[in-house]
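Here is what each chain is made of, one letter per residue.
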Amino acid sequence: MTPFFTKPETNAEREAFYHRLKTQSAAPLWEQLADLVLAQPKPGCVPALWRYEEMRPYLMESGKLISADEAERRVLMLENPGLKGLPQITQSLYAGLQLVLPGEVTATHRHVAAALRFVIEGTGAYTSVNGTKITMHPGDFILTPSWTYHDHGNLTNEPVIWLDGLDIPTVNTFDASFAEHYPGGTQQVTGQADDFSYAQMRPKLRSQPLDPRHGHRIHYGSGAATLPTIDAWLRLLPAGFQTASYRSTDAAIFCVAEGKGESRIGDQVLKWSSHDIFVIPSWTQAEHHAATEAVLFNYSDRPTQQALNLWRESI
């Protein structure tokens, strides 16, 4: 990519000047302008895929190494290989796989970071959000909005695993993180809900028009963003369907609910199957091909970008 600005030549006199500037906690803009103001996005995160069949043994091993009480939340974070070990899957979003074993109940807490959960494995466990209990089944989608008390419990005889998505990097960019434990340990349950159960959402997909870029797609929400900082969708790709190439500035995290296929992301081809997780970086051309009928869940930071008038797409 040709830089929008070019870096000036340097010499001994300039280098000495730059060195003296450092003693004043200052630096010359012209030395860094080409990396600060870009002609188009140059994402730090890269296309990547986490195979569930490879990650699950590590999750189960973690269940033997540390209890839910000791860990607070037993989660394996998904770190994008392009972000140099940072605990985030894109520049602005976090992803992790959480395990709650039979008989475990996590402590109730709340934090400024907003969260979503997409259930991968296990039936009958629950999440409680501000006293409302939501029973978990594979494919269910659960929201934990900013500053809502929440906890998780598994009173079944099988493990439950889900994908966590949070806006932690966004919150920390603004140095605005706060968190509290619930007084007394665990909140009281006062109601039940199942707003985004997979049993309800899956049949609705075929009633949506077949978009050449996105397949049959449903947005999680009622006209507004799913969360103020995160949007989420569920899409169905018919067997053999090939999407048109598409790119946008919001990097997207995908989890395969059903099926097999592959995605061409930039110059890479990632082959995926049920429960695998993959990421498309910002402003990177991507297209999907479904080998079988496939259902994909995905989320991104689109609402944040739109609120700041930053979001763009290329059709």
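For the structure itself, look to the data block above.
Predicted model only: the values in this text are computed from it and were never measured.

Trainee: Whenever I open this one, the overall build of the chain confuses me. Can you help?
Mentor: Per the secondary structure count, the chain includes seven helices and 23 strands. Once the C-alpha set of the chain is aligned to its principal axes, its extents read approximately 70 × 50 × 40 Å. Across the chain, contacts joining residues at least 24 apart in sequence account for 72% of those joining residues at least 6 apart. In the structure as shown, the chain presents an accessible area of about 15600 Å², 53% of it carried by carbon and sulfur atoms.

Trainee: Please explain the pattern of salt bridges as it appears in this structure.
Mentor: Opposite charge on two side chains permits them to pair, given that their charged atoms come into close proximity. Per the counting criterion, the structure on display carries 14 salt bridges. The closest approach of N and O atoms between Arg 74 and Glu 104, which form a salt bridge, is 2.7 Å. A residue pair is termed long-range when its members are at least 10 positions apart, and Arg 74 in the loop between α4 (68-71) and β2 (75-77) and Glu 104 in the loop between β3 (94-100) and β4 (109-111) qualify at 30 residues. For Glu 104, a relative accessible area of 15% corresponds to the buried category. When salt bridges that share partners are traced, they join Arg 202, Arg 206, Glu 258 and Glu 293 into one network.

Trainee: When you look at the pairing of strand β6 (residues 126-129) in this model, what are you seeing that I'm missing?
Mentor: Consecutive side chains along a regular strand alternate between the two faces of the sheet. Covered by surrounding structure in β6 are Tyr 126 and Ser 128 together with Thr 127 and Val 129, the residues of both alternating faces. The antiparallel pairing of β6 with strand β7 (residues 132-135) creates a hairpin that spans two residues between the two strands, and Asn 130 there sits at a positive phi of about 50°. By the bridge criterion, four bridges tie β6 to strand β9 (residues 150-153) in an arrangement that is antiparallel. Considered in β9, the bridge of Tyr 126 is made with Gly 153.

Trainee: How do you make sense of the packing of aromatic side chains when you look at a structure like this?
Mentor: Aromatic rings considered in pairs are described by the distance between their centres and by the relative angle of their planes. If you walk through the whole model with that rule in mind, you get 13 aromatic pairs. Taken together, a centroid distance of 4.8 Å and an interplanar angle of 90° make the contact between Phe 4 and Phe 5 edge-to-face. For Phe 5, a relative accessible area of 29% translates into the label partly exposed. When the centroid spacing of 5.3 Å and the interplanar angle of 90° are considered together, the rings of Phe 196 and Tyr 220 count as edge-to-face. Of this pair, Phe 196 sits in the loop between β12 (191-192) and α6 (198-201) while Tyr 220 sits in the loop between β14 (215-219) and β15 (231-237), and the two are 24 residues apart along the sequence. With relative accessibility at 0%, the residue Tyr 220 sits in the buried group. One aromatic cluster is present, built from ring pairs that chain together Phe 118, Phe 141, Phe 196, Tyr 220, Phe 297 and Tyr 299. One Lys or Arg, Lys 133, reaches over the ring of Tyr 126 and ends 4.7 Å from the middle of that ring.

Trainee: Is there a simple way to think about the sheet that holds strand β22 (residues 294-300) in this case?
Mentor: Working definition: the strands of a sheet are paired by backbone hydrogen bonds and lie parallel or antiparallel to each other. Strand order in the open sheet made by the seven strands is β1-β20-β17-β22-β15-β14-β13, with antiparallel pairing throughout. Among the strands making up the open sheet, the edge pair consists of β1 (48-50) and β13 (210-211). Strand direction decides the pairing type here: β1 and strand β20 (residues 277-280), joined by three bridges, are antiparallel. Note on β20: the bridge partner recorded for Ala 48 is Val 279.

Trainee: Can you walk me through the sheet that holds strand β18 (residues 261-265) in this structure?
Mentor: Read from one edge to the other, the open sheet built from three strands follows the order β19-β18-β21, with strand pairing classed as antiparallel. Edge strands, defined here as strands with exactly one partner in the open sheet, are β19 (268-272) and β21 (286-290). Adjacent strand axes in the sheet meet at a mean angle of 15°, parallel and antiparallel pairs treated alike. Pairing of β18 with β19, which is carried by five bridges, proceeds in the antiparallel orientation. Each residue of the ladder has a partner; that of Ser 263, found in β19, is Leu 270.

Cut-off values and rules
- Residues numbered from 1 in each chain as written.
- Predicted model: local features only at pLDDT ≥ 70, side-chain atom pairs only at ≥ 80, totals over all residues.
- Heavy atoms only, no water.
- Helix = DSSP H or I, 4+ residues; strand = E, 2+ residues; numbered from the N terminus.
- Contact = heavy atoms within 4.5 Å.
- Areas by Shrake-Rupley, 256 points an atom, 1.4 Å probe, with all protein chains shown as cover.
- Salt bridge = Lys/Arg side-chain N within 4 Å of Asp/Glu carboxyl O.
- Buried < 20%, exposed > 50% of the residue type's maximum accessible area, 1.4 Å probe, protein only.
- Pairing = 2+ DSSP bridges.
- Phe/Tyr/Trp six-rings, centres within 6.5 Å; stacked < 30°, edge-to-face > 60°.
- Lys NZ or Arg CZ within 6 Å of the ring centre and 35° of its normal.
- Axes fitted to C-alpha atoms, helices over the stretch in contact; angles between N-to-C directions.

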